[in-house]
Amino acid sequence: MGAASTRNVRVFRYNPEEGGDGHFDSYVLSIGNETTTTMLDVLLRILREQDPTISFRFACRVGMCGSCGMVINGRERLACRANVSDIPPGKDITLRPLNHFPLIKDLVVDMQPLFEQFEQTLSFYEPKDASAEPALIRPDAPERAEIRNATDCIACGCCVSSCTMAHYHEDYAGPAALARAYALLADKRDALFEPRLTQALASCYNCRTEVNCTEVCPKEISGTRAIKYIQRLALTHRPEAPPERSQEPREAVAAARWPWADMDRATFLRHLGAGLLGAGTAAALLSVAGVAAIGPALRKKPAQWIPVAKVSDLPASQITTVLLKYDVQSGIYTQPVSRPVLVSRLGEETICYNASCPHLGCLVRWDERADQFRCACHGGTFDASGKVLAGPPPRPLDRYRSKIEGGRLLVEVT
Amino acid sequence: MEDDKPLEYRKRLQWGEHDPYRRQNTMIGMWAWLAQRVSAVALVVLVALHLLWTYVRLIQLLLLLTIAFHAALGLRVMLLDFNLVSVKHHRALIWVLTGVGVVVAAFIYRAIY
């Protein structure tokens, strides 16, 4: 049981004789029992007790006629189905007319756009065979189950008001009319399948799947589900071309816009299919060619042993710089490389150092007087065994693997 | 009072106009649609940044998350389009798919780093 309370009710007012933008009027009402008081009761009490000039529509009071649809605290509802207790205690009640309909006065809107939308989707039943007998439909028939409650629409306009796309697309038939069209399209007794599908498909792609219409429908009909059903019909049916289009001066209209503006859906999809197929083939061929061209360059290059010099030509107890010349196979061409190698015969074994400084790759040279390797770029200094003595190099000098074969010194390069 | 002056209609009210409680009562489906649109724009920007600085981890992470988010919401529309999930579950779809998307993105990020 809801307790008695005082509520501030704000009602949108628009006077057609004054024009303007409209405003809210506030009324304070004490309400006996919130759970048994509907918004319609609230409006009737304001009308009787406080302001006889307020205008709103209602008829059946039990949610059957769809006359009293309005926006109650930001949500489309029937005033006769919304209780005061639905609004959290202490909050204002805001009653405002539906969106997307011309406003006549206060909460009364002109429903003509909705009726025009119903006309747009041919929302009337045209029997295939004219029989005076009522049709017998089993309640468990699959068509009956598919259509479900879509025939219950009371045309209150809540869904159209909640649909943001109804505002942005002028010729959008809207969820109410499309749900009606869906109920008729799913009905196999109906004779107007083709023209109705054409009409419905022409505008059903304006749906952005926001599901607002389903959420607000007082009859729990899903406009979204209906629109998706119609969209899926496009997969299996080919709608006839709209007749008036062929009479238009097509070339003039098309040329004014862009060359493909005139193309119908099927042709567009065919061209798109051919285009995608072509692009796919080209992409496949190019990728094969690309892999063939680039692949070898990416492959790990095999190591090769390059002769440096005869051991007898290298002075003992000294460090000598020898210029190494060899070829590297890179992809489809051969790249000649020449780089210096520092050959140290100071100790018993022969060590070959990479002359590139491990810091940034400048060439390192042997300073005989200081007994050090020096890098001119950033002052890197190494001792005779390649160890870092000073400067920025992060690690000792790199060494080549080397071996002596038949009196010749060989190093391994990659 | 009896003049024949035609009534002057007020032009159609729009979403949120003179509607103080609209924003807090907006249905989540609309935010899902809007968020997907915005993430599409974000993707264009992030892909461009990704091409410029391929190995910046922050950009990679943002790109991955945005792709997961955008794909989850796109998947929602596809599932509803083909009636593979009933419209009555559409609210749950948003959270479940976005959650799955974030988890997948996290796994991919972990696999890379």
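Above this text is the structure in question.
Figured I'd write up the structure that's included with this text. (Residues numbered from 1 in each chain as written. Chains lettered and ligands numbered in written order. Predicted model: local features only at pLDDT ≥ 70, side-chain atom pairs only at ≥ 80, totals over all residues.)

Before going further, it helps to examine the overall build of chain B. Regarding its fold elements, chain B presents three helices and zero strands. Going through the 113 residues of chain B one by one, you find that 19% of them count as buried. Within chain B, contacts between residues separated by at least 24 positions form 59% of all contacts whose residues are at least 6 apart in sequence. (Helix = DSSP H or I, 4+ residues; strand = E, 2+ residues; numbered from the N terminus. Buried ≥ 20, exposed ≤ 12 C-beta atoms within 10 Å, placed from the backbone. Contact = placed C-beta atoms within 7 Å.)

Turning to the sheet that holds strand β18 (residues 408–413) of chain A, a few remarks are in order. All names here are of chain A. Reading across the sheet, the three strands line up as β8-β18-β17 and stay open at both edges, with antiparallel pairing between neighbours. Of all the strands in the sheet, just β8 (304–310) and β17 (402–405) have a single pairing partner and so form its edges. Neighbour-to-neighbour, the strand axes of the sheet open up by a mean angle of 35 degrees, direction not taken into account. Relative to β18, β17 runs antiparallel, the two sharing four bridges. In the sheet register, E405 faces β18, and the bridge partner there is R408. (Pairing = 2+ DSSP bridges. Axes fitted to C-alpha atoms, helices over the stretch in contact; angles between N-to-C directions.)

Moving on to the pairing of strand β12 (residues 364–367) of chain A. All names here are of chain A. Here β12 shows one buried face, formed by V364 and W366, and one open face, formed by R365 and D367. Examined bridge by bridge, β12 and strand β13 (residues 372–375) share four bridges and lie antiparallel to one another. Looking at the pairing, V364 lines up with C375 of β13. In this antiparallel pair of consecutive strands, β12 and β13, the connection spans four residues, and D371 shows a positive phi of 60 degrees.

So, about the interface of chain A and chain B. Each partner contributes to the interface: chain A provides 34 residues, whereas chain B provides 27 residues. Only β5 (93–96), β6 (103–105), α5 (164–168), α8 (212–216) and α9 (223–236) of chain A provide two or more residues apiece to the side of chain A that touches chain B. For the side of chain A that touches chain B, the element with the highest residue contribution is α9(A), accounting for five residues. Tallied by class, the residues present in the side of chain A that touches chain B amount to ten nonpolar, 15 polar and nine charged. (Nonpolar A, V, L, I, M, F, W, Y, C, P; charged D, E, K, R; others polar.)

Moving on: the nonpolar core. Note that soluble globular proteins tend to have their nonpolar side chains buried in a common cluster. Residues and elements named next belong to chain A. By size, the foremost hydrophobic cluster in this structure holds 64 residues, and its most contacted members are A79, L95, L178, A179, Y182 and I230. A per-element tally of this core places helix α6 (residues 174–185) first, with nine residues. Residue-level mapping places this core at the junction of two domains, with at least three residues from each of domain 1 (5–109) and domain 2 (112–298). (Core = buried A, V, L, I, M, F, W, Y, C linked by C-beta atoms within 7 Å. Domains from an automatic or database assignment.)

This paragraph deals with α9(A). For α9(A), which comprises 14 residues, the first-to-last C-alpha distance of 21 Å matches the rise-based estimate of 20 Å (1.5 Å per residue) to within 8%. Regarding α9(A), the residues found buried are G223(A), T224(A), R225(A), A226(A), I227(A), K228(A), Y229(A) and I230(A). Buried positions along α9(A) lie against α4 (158–162), α6, α7 (193–204) and α8 of chain A together with α2 (57–81) of chain B. (Expected span 1.5 Å × (residues − 1).)

This next bit is on the sheet that holds β5(A). The strands making up a sheet associate through backbone hydrogen bonding, with each pair oriented either parallel or antiparallel. All names here are of chain A. Across the sheet, which stays open at both edges, the five strands sit in the order β2-β1-β5-β3-β4 with mixed pairing between neighbours. Looking at strand neighbours, the two that pair on one side only are β2 (23–31) and β4 (75–78), the edges of this open sheet. The sheet shows a mean angle of 35 degrees between the axes of neighbouring strands, taken without regard to direction. Pairing between strand β1 (residues 5–13) and β5: three bridges, direction parallel. Paired with V11 across the bridge in β5 is L95. In the packing of helix α1 (residues 39–50) onto the sheet, contacts are made with β1, β2, β3 (69–72) and β5, and the angle to β2 comes to roughly 95 degrees.

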